[in-house]
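Coordinate analysis (summary)
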Amino acid sequence: MDSVFIIEKSIIIVAVFALTMLMAMYSTWAERKVAAFLQDRVGPNRAGWGGLLQPLADGAKLFTKEEFFPNTPNKFLFILGPAIAMSTALITSAVIPWGDQIEVFGRKVALQATDIDVSILYIFGVLSIGVYGIMIGAWASNNKYSLMSAVRASSQMISYEVAMGLAMISILMMSGSLSLKDITVMQANDGWNIFYQPLAFLIFLICSFAETNRTPFDLAECESELIGGYHTEYSSMKMGFYLFAEYANMFISSTILAVVFLGGYHFPGMAWVNENWGINIGALLGFLTLFAKICFFIFFYMWVRWTIPRFRYDQLMHLGWKILIPLAVINIIITGIVMVLFN
Amino acid sequence: MLEIVFYILSAITLGTAFLTVVSKNAIHSAIYLVICFFALAGHYLLFNSQFLAIVHIIVYAGAIMVLLLFTLMLMNLDNDDETKKPLFAKLAAVFSAGILGLVLIAALRKAQPENIEYVNSGVDYQSIKVLGKVLLNEYQVPFEFASILLLVSMIGAVLISKKEEKI
C-alpha cells in the first residue's frame, strides 16, 4: 500500500513538473504572439506551424551559447542565483489541487501532490525565499546596475507581499482553513470567492503582478535605466533560467489566482456531472476548467504588459504601502463585520 | 529513518551556525545563517509542527534576512573598514550572551506549557485551530504585548524617517 502511495505521488509530482515546464515554455511563445496581435504584427511564424517550435529553437540557442563569467570572486553564488530562482518557481505547485478525486483500479486518487494544513503559508514562504535567487545572483555578478536592480526587485517584492497576505486574510476568514483544497471545496459549495471578495481579488491581482516582476511593475528590468536588470551579466542557459523562472512564476501565480478566487477546478454543474457521468470525467472536466482559468490569467498578464506603461518607482511604493495595504485592512474589517452580522 | 534525518539536520544547523561566525565575508555569513534557519525549520517539521516551520521560514529567512542582506550589499563592507574591537569588549560580549542564554534556559525549564491539556486530550495540538485558541485564550496578554511592541517599533521607525525630512 505504501509503495503504491509513493508511486502515485511521484507520478503526480512529475506530471505537475512537466506541466509547469511546458506552460512556461509555451508562455514565451504566447507572449510573442499576443504582443504581435496587440501591435498588429504576425509574430513568430518560421519555426514550425505558427511558430510553435520557436521555444525549442530558443532553448537550443541558449544551451549552445557561450557561457560568460564576469570577473567575480563569488563564482559559486553566481551559479546559485538562477538555480534558486528556478527551484522556488517550481516547488510552489506542490500544494495546488489540480482536480477532484479520480478512480484508478478501485483506488481513489486525489489530484494533488500534497494537502498540507498550511498550504497558503507554504506558498507565501516560497514567495519570500524567491527573492534570494535575484539578490544573490545580482550581487555575485559584481555589477552596480545588477545590484540596483536586485534592490529594486526585492524591496518591491517585500512591500507587495504584505498587501498580498492581508488580502488573503479576508479569504481565510471566510474559509476557516489554510488548505487550498478546503478553499476550493468551500467555493464549490457557496460560490466563488471573486463574488464575495472583489476587493481582495483586485488587491491580490495587482500584488501578483508586482511579485512576478511583470509590467507595469517590471522596474527591475528597466532597460533605459538599468541596462538588462539583475541578469545583465548572465548569458546562455543561466539567463534562460531567470527568464524561464519568470514565466513559471507567472503560471503558478495564475494558478493560485484561479484556485483561490475563481473556484479552482469547480465549474457550474460539477455535482451533476460527477453523479451521472462518473467522477473520472468530472475530474477531467474540472482539470480542463482550471486550465482554462489559468490560461485566461496568463493571457491577462500579457494583455496588461502590452497595454499599460511602466510605473515610476515612487509611484510603485506609494501604491503598495499607502493604497493597497490600507484597502486590504479595510477589507478585513468589512469582512469581519459582515460575517458577524449575517452569521 | 527519522534519527538519520535528525542527525543530518543537526550537522547542517551547527555547521552553518559555526560558519556564520567564522566566515570573513559578511554576505557569506548571512547566507550561511539563512541555511541555518532552513535547517531549524526542518527540526520543527520533525516535531510535526508545520505552522511553526513555515512561519519561521517566512519571518526569518524571508523577511529579516532579506532586509539584512539588503543592507549588507548596499554597505559593501570590506575587511579594512571593520573597526578592531578590544579583547575586553569581545569577552564582555561572550559573557553577556552566555548570561542571556542561562536566563532563557532557566525560564524554559520552569515554564509550564499551557497546551499540555490539549496534548493530553488527544486533539491535533499542532493544527492552526488549536494553536490560535491557545494563543488567544491562555496567552492573550503576552500576545497583545508582542503586538504593542511591534506597533511601537513601527511608529518609532516612521518618526525617525519623518524627522530627517524636515532637516
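Residues numbered from 1 in each chain as written. Chains lettered and ligands numbered in written order. Predicted model: local features only at pLDDT ≥ 70, side-chain atom pairs only at ≥ 80, totals over all residues. Heavy atoms only, no water.

Moving on: empty space enclosed by the protein. With a probe scaled to a water molecule rolled over the atoms, the places where space remains empty come into view. Residues and elements named next belong to chain A. What the rule picks out here adds up to one cavity of 30 Å³ or more. Around the largest cavity, the lining comprises 27 residues; the ones closest to its centre are Leu127, Met157, Glu211, Thr212 and Asn249. Of all the secondary structure elements, the ones that give two or more residues to the lining of the largest cavity are helix 3 (75-91), helix 4 (119-140), helix 5 (144-175), helix 8 (198-211) and helix 10 (236-261). Residue contributions to the lining of the largest cavity peak at eight residues, all from helix 10. (1 Å grid on protein atoms, 1.4 Å probe; cavity = no way out; pocket = protein on both sides within 12 Å on 5 of 7 lines; lining within 4 Å. Points joined across faces, edges and corners; volume = space filled by probe spheres on them. Helix = DSSP H or I, 4+ residues; strand = E, 2+ residues; numbered from the N terminus.)

For the rest of this paragraph, the subject is helix 4 (residues 87-110) of chain B. Each full turn of the α-helix corresponds to 3.6 residues, which orients residues three or four apart in the same direction. Helix length check: helix 4 of chain B, at 24 residues, gives a terminal C-alpha distance of 35 Å against a target of 34 Å (1.5 Å per residue), a fit within 8%. Burial analysis of helix 4 of chain B places just zero of its 24 residues in the buried class, which makes it a mostly uncovered element. (Expected span 1.5 Å × (residues − 1). Buried < 20%, exposed > 50% of the residue type's maximum accessible area, 1.4 Å probe, protein only.)

Time to look at the environment of Leu111 of chain A. Residues and elements named next belong to chain A. On the secondary structure map, Leu111 appears in the loop between strand 2 (107-110) and helix 4. For Leu111, a relative accessible area of 21% corresponds to the partly exposed category. Here the alpha-carbon distance between Leu111 and Leu324, two residues 213 residues apart in the chain, equals 34 Å. Aside from chain neighbours lying at most four places away, what touches Leu111 is Ile12, Ile96, Pro97, Trp98, Gly99, Asp100 and Ile102. (Contact = heavy atoms within 4.5 Å.)

Attention now moves to unusual backbone geometry. The backbone phi angle of Asn213 of chain A is positive, close to 60°, even though this residue is not glycine. Within the element layout of this structure, Asn213 of chain A appears in the loop between helix 8 and helix 9 (223-226). Owing to a relative accessible area of 4%, Asn213 of chain A belongs among the buried residues under this scheme. A positive phi is found at Asn48 of chain B, a non-glycine position, where the angle reads about 65°. Of note, Asn48 of chain B is situated in the loop between helix 2 (26-46) and helix 3 (50-75).

To continue, consider the pattern of salt bridges. Residues and elements named next belong to chain A. Under the defined criterion, the tally for this structure stands at six salt bridges over all chains. A salt bridge links Lys238 to Glu67, with the nearest nitrogen and oxygen atoms 2.6 Å apart. Residue Lys238 is found in helix 10, and its partner Glu67 is found in the loop between helix 2 (54-64) and helix 3; the two are separated by 171 residues along the sequence. On the basis of relative accessible area, Glu67 is assigned to the partly exposed category, the value being 47%. Arg214 serves as the salt-bridge partner of Glu246, at 3.4 Å between the closest nitrogen and oxygen. Highlighted residues: Glu246 in helix 10 and Arg214 in the loop between helix 8 and helix 9, separated in sequence by 32 residues. Judged by relative accessible area, which is 10%, Glu246 ranks as buried. Given a relative accessible area of 1%, Arg214 falls into the buried group. Within this structure, Glu31, Arg214, Glu246 and Arg305 form a network of salt bridges that share partners. (Salt bridge = Lys/Arg side-chain N within 4 Å of Asp/Glu carboxyl O.)

Bringing the layout of surface pockets into the picture now. Residue and element names in this part refer to chain A. In this structure, the second largest pocket occupies an estimated 810 Å³ of space. What lines the second largest pocket is a set of 33 residues, and nearest its centre among them are Thr28, Arg32, Asp58, Leu243 and Tyr247. Mapped by element, the contributors of at least two residues to the lining of the second largest pocket are helix 1 (2-38), helix 2 and helix 10. Among the elements that line the lining of the second largest pocket, the one with the most residues is helix 10, at eight residues. Tallied by class, the residues present in the lining of the second largest pocket amount to 14 nonpolar, seven polar and twelve charged. (Nonpolar A, V, L, I, M, F, W, Y, C, P; charged D, E, K, R; others polar.)

Right, let's get into a positive patch on the surface. Together, Lys24, Lys84, Lys85 and Lys90 of chain B make up a region of like positive charge exposed at the surface. Summarising the element assignment, Lys85 of chain B is placed in the loop between helix 3 and helix 4. (Patch = residues over 30% accessible without salt bridge, like charges linked within 9 Å, V, L, I, M, F, W, Y side chains within 5 Å. Areas by Shrake-Rupley, 256 points an atom, 1.4 Å probe, with all protein chains shown as cover. Lys, Arg positive; Asp, Glu negative; His and termini not counted. Charge placed at Lys NZ, Arg CZ, Asp CG, Glu CD.)

Here the focus is the UniProt feature "transmembrane region" (unreviewed entry) in chain B. Under the feature "transmembrane region" (unreviewed entry), the UniProt entry names residues 6-23, 30-47, 53-75, 87-108 and 141-160 of chain B. For residues 53-75 of chain B, the helix share is 100%, the strand share is 0%, and the end-to-end C-alpha distance is 31 Å. (UniProt positions renumbered as here; feature names shortened; annotations may be inferred.)

Moving on to the side chain of Glu211 of chain A. Residue and element names in this part refer to chain A. Here Glu211 is to be found in helix 8. Put simply, Glu211 is tucked away with no salt bridge, and the nearest opposite charge, on Arg214, sits 13 Å away. What Glu211 contacts, discounting residues up to four positions off in sequence, is Leu127, Met157, Tyr160, Glu161 and Met164.

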